[in-house]
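Per-entry structural report
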Amino acid sequence: MYRSHSCGELRASHIHKTVKLSGWVQTIRDKGFVIWVDLRDRYGITQLVFDEERTSKELIDKTKKLGREFVIEVTGEVIERASKNPNIPTGEIEILVQELTILNESLTPPFTIEDDTDGGEDIRMKYRYLDIRRNPVKESLIFRHKVAMEVRKFLSDEDFIEVETPYLIKSTPEGARDFVVPSRMNEGQFYALPQSPQTFKQLLMVGGMDKYFQIVKCFRDEDLRADRQPEFTQIDCEMAFVEQEDILNIFEGLTRHLLKEIKGVTIGDFPRITFDDAMRKYGNDKPDIRFGMEFGELNAIAQHKEFGIFNDAELVVGIAIPGGASYTRKEIDKLIDWVRRPQVGAKGMVYAKYNEDGSFKSSVDKFYDQEDLAKWAAATNAKPGDLICVLSGDTTKTRAQLSALRMEIAERLGLRKSDEFAPLWVIDFPLLELDEETGHYHAMHHPFTSPKPGQLELLDTTPGDVKANAYDLVLNGNEIGGGSIRIHDKETQAIMFKHLGFTPEEAKAQFGFLMDAFQYGAPPHGGLAFGLDRLVAILGGQETIRDFIAFPKNNSGRDVMIDAPAFIDDEQLNELSLKLDIKS
Ligand code: ASP
């Protein structure tokens, strides 16, 4: 037996007990006549004491050999500490050590194993197993476990069954590239790793499983944007005999359960907004509604004067920055520079100060009088003391630019509070999305999403107008999940594939198994998936998902600890019938 107690367990009530502890040496303080060692394990830190009077010379000598991160086992008596440490739960006691065994030595770690470490991100990732010994990382992993347990508990109580679906499959289109795995036994053929278990969960519905969930790894080979992982975890769900309303209710329940159990926060009804309204009011399909600054469209009240820039624009739209009227000229110029950065892409910005005395001062006073500007204020909901910022141009781009400005300002003004939770359903997404480059439509959610009843005909005339039974759950400006009611008959699915540019042969080759299954009594069904990594990060009040993943990949999709991906040798390539031109 290595230990009778953990390093986080002992209190004053244990005084005089003989105990055995095992763990890592956190710190050694050698005062000559007395040595203190902090012993750490997952549960906490316990102070060990060795002194000239009470400890044998042999043991003191052994103690002198210890170094940071050595793994040791000690037996000793719990005694009262002379100077107590109220900051840690074991701070009232220490262990007077009688026996010490060094279980393993350690090299000096490349960074300090402290809450505030001296190690940068790269070195911590390379030695992630040491990073995991640090409280912040350890706590994040434990936190993730708690969230996952609550998810399982809630869904199980709602009669969902967790079913594992395969990882070696054929492509499931979720909008990214597939990671593929060559098959040794089937020369020249490849499996794809699932971008999601989408088709399998639908087949489970045909199989009568009724309510399915799975906490599951998904793989998407995308150009990595900040804070994306090529492999990530979803809470994947599907239900049969349901309408959109049933699904929203269940997952509103799950979200409410998590916020209550994990954060102690009670949330009322979840507001809903249509995709079109979200774009109009926030320029974004995942709006953060913890603060106002809703868009005010100004076309009708700003295109009647001689100001060509506005007159030529498809959209003129503004927001009011609370308290912004006090910004100096320099501060406003900086803001203009900010919207003109290539990442945002605005050409310029018109502004109007709404002074405390009710008057206006704008950058376009030459064109607009006080009465015009008062209308802008009404449209953007500006109050005296605010700054109205106006962008104009192509609708889609201008909305995206103003949305970026809105988020930036909210960040600067501290309006995105991590202890405030504002969920929102975004519903009625378009079924299809136009790819500007190719001029083709592709499925906005995925090809199995059903159009709204009665809209199938529009596919032939105005495909961009067709709305889907698709929904996203947004929390604090982050999309944490999304799903849809599915197509469950072969004919509709065939029409969808046709509109997505598949020939009947291609559709059959890729999705014949699903179309076949639909002929054997497929029930109406739908579902959704939550991104577990992001959900955990938001609940944990952190920005990056990497902190909540035990062994994350870096921005180039590499695991720098195990050094993957890596080249494989010729023999292995041959076995897989692969030939490569590139050589290491
Ligand atoms: N498979 C979808 C996704 O991964 C979720 C769903 O439609 O249920 O985004």
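I will try to describe carefully the structure that is included in this document. Note that the structure is a prediction, hence the values are computed from the model and not measured.

A look at the pattern of salt bridges
A complete count under the given rule lists 40 salt bridges for this structure. The salt bridge partner of Arg54 is Asp51, with a shortest N-O separation of 2.7 Å. Three or more residues are tied together by salt bridges with common partners; here these are Glu121, Arg124, Arg128, Asp131, Arg134 and Arg546.

Looking at the site of the ligand
Inspection of the region around the ligand gives 14 residues, with Glu174, Gln198, Lys201, His445 and Arg486 positioned closest. Within the side chain of Gln198, one N or O atom sits 2.7 Å away from a nitrogen atom of the ligand. Within the contact set of the ligand, an oxygen atom lies 3.0 Å away from a side-chain nitrogen or oxygen of Gln234. Alone, the ligand offers 270 Å² of accessible surface; in the complex the protein occludes 93% of this. Elements represented by at least two residues in the shell around the ligand include exactly helix 5 (198-206), strand 21 (478-485) and strand 22 (525-531). Examining the composition of the shell around the ligand, we find that three residues originate from one element, strand 22, more than from any other. Grouping the constituent residues of the shell around the ligand by class yields two nonpolar, eight polar and four charged.

Digging into the environment of Gly477
On the secondary structure map, Gly477 appears in the loop between strand 20 (470-475) and strand 21. Note: C-alpha distance between Gly477 and Thr75 (402 residues apart in sequence) is 52 Å. Apart from residues no more than four positions distant in its own chain, Gly477 is found in contact with Lys286, Pro287, Asp288 and Arg416.

Topic: the nonpolar core
The biggest cluster of nonpolar side chains holds 42 residues, and the ones touching the most others in it are Val147, Leu155, Phe251 and Trp425. Looking at this core, the element that brings in the most residues is helix 6 (residues 244-263), giving eight residues. The contacts of Val147, once residues within four sequence positions are left out, are Leu258, Ile262, Leu532, Val536 and Leu539. Counting residues in each nonpolar core, the second largest holds 25 residues, with Ile319, Val339, Met349 and Leu405 among its members.

Considerations on unusual backbone geometry
Residue Pro565 follows Ala564 across a cis peptide bond; omega there is 0 degrees. On the secondary structure map, Pro565 appears in the loop between helix 16 (532-539) and helix 17 (570-575). For Asp428, which is not a glycine, the phi torsion comes out positive at approximately 55 degrees. Structurally, Asp428 is set in the loop between strand 17 (423-427) and strand 18 (432-434). Here the phi dihedral of Ser577 falls at roughly 55 degrees; this positive angle occurs in a residue that is not glycine. Counting through the fold element by element, Ser577 comes out in the segment after helix 17.

Parameters and conventions
Residues numbered from 1 in each chain as written. Predicted model: local features only at pLDDT ≥ 70, side-chain atom pairs only at ≥ 80, totals over all residues. Heavy atoms only, no water. Salt bridge = Lys/Arg side-chain N within 4 Å of Asp/Glu carboxyl O. Near = heavy atom within 4 Å. Polar contact = N/O pair within 3.5 Å; in protein donor to acceptor, adjacent residues only side chain to side chain. Areas by Shrake-Rupley, 256 points an atom, 1.4 Å probe, with all protein chains shown as cover. Helix = DSSP H or I, 4+ residues; strand = E, 2+ residues; numbered from the N terminus. Nonpolar A, V, L, I, M, F, W, Y, C, P; charged D, E, K, R; others polar. Contact = heavy atoms within 4.5 Å. Core = buried A, V, L, I, M, F, W, Y, C linked by side-chain atoms within 4.5 Å. Buried < 20%, exposed > 50% of the residue type's maximum accessible area, 1.4 Å probe, protein only.

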